[in-house]
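Okay, here's what each chain looks like letter by letter:
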Amino acid sequence: GKVKELNNEIVTNATKVHAALKLSQDDHTTIASLRKEIDKAWKMVEAAQSKESRAKETVTQLREEIQNLSKLVEKGAELSG
């Protein structure tokens, strides 16, 4: 899913960041921009995770509604039959 993709992306970015930090420990501008990238990545993951949990809630609600409807349909069939 999307979250897995994002997690993989973050892992790759983290390795790149780690390598970059080794190369440019004295380059503060590089470090600052990398920090911004990391923050962006984390925000994306958080957003994706909250979207996913919201989607799961919706699915659960829909399932419950479907169950209620099928119960009503069964009752209706019993009454008319």
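From a predicted model like this one, the values you see are computed outputs, not experimental measurements.

**A closer look at the nonpolar core**
Within soluble globular proteins, side chains that are nonpolar generally end up buried alongside one another.
Now for step 1: The biggest cluster of nonpolar side chains holds six residues, and these are Val-3, Leu-6, Ile-10, Ala-41, Val-45 and Ala-48.
Now for step 2: Of all the secondary-structure elements, those providing two or more residues to this core are α1 (2-23) and α2 (28-80).

**Describing the environment of Arg-54**
Now for step 1: Looking at the secondary structure, you find Arg-54 in helix α2.
Now for step 2: Along the sequence, Arg-54 and Ile-66 sit 12 residues apart, while their C-alpha atoms lie 18 Å from each other.

**Some details on the pattern of salt bridges**
Now for step 1: By the definition in use, this model includes two salt bridges.
Now for step 2: The closest approach of N and O atoms between Glu-37 and Lys-40, which form a salt bridge, is 3.2 Å. You can see Glu-37 and its partner Lys-40 sitting in helix α2, three residues apart, about one turn around the helix.
Now for step 3: The partner of Lys-56 in a salt bridge is Glu-52, with the nearest N and O atoms 3.9 Å apart. In this pair, Lys-56 and Glu-52 are both assigned in helix α2, four residues apart and thus about one turn of the helix distant.

Thresholds, definitions, all that
Residues numbered from 1 in each chain as written. Predicted model: local features only at pLDDT ≥ 70, side-chain atom pairs only at ≥ 80, totals over all residues. Heavy atoms only, no water. Core = buried A, V, L, I, M, F, W, Y, C linked by side-chain atoms within 4.5 Å. Buried < 20%, exposed > 50% of the residue type's maximum accessible area, 1.4 Å probe, protein only. Helix = DSSP H or I, 4+ residues; strand = E, 2+ residues; numbered from the N terminus. Salt bridge = Lys/Arg side-chain N within 4 Å of Asp/Glu carboxyl O.

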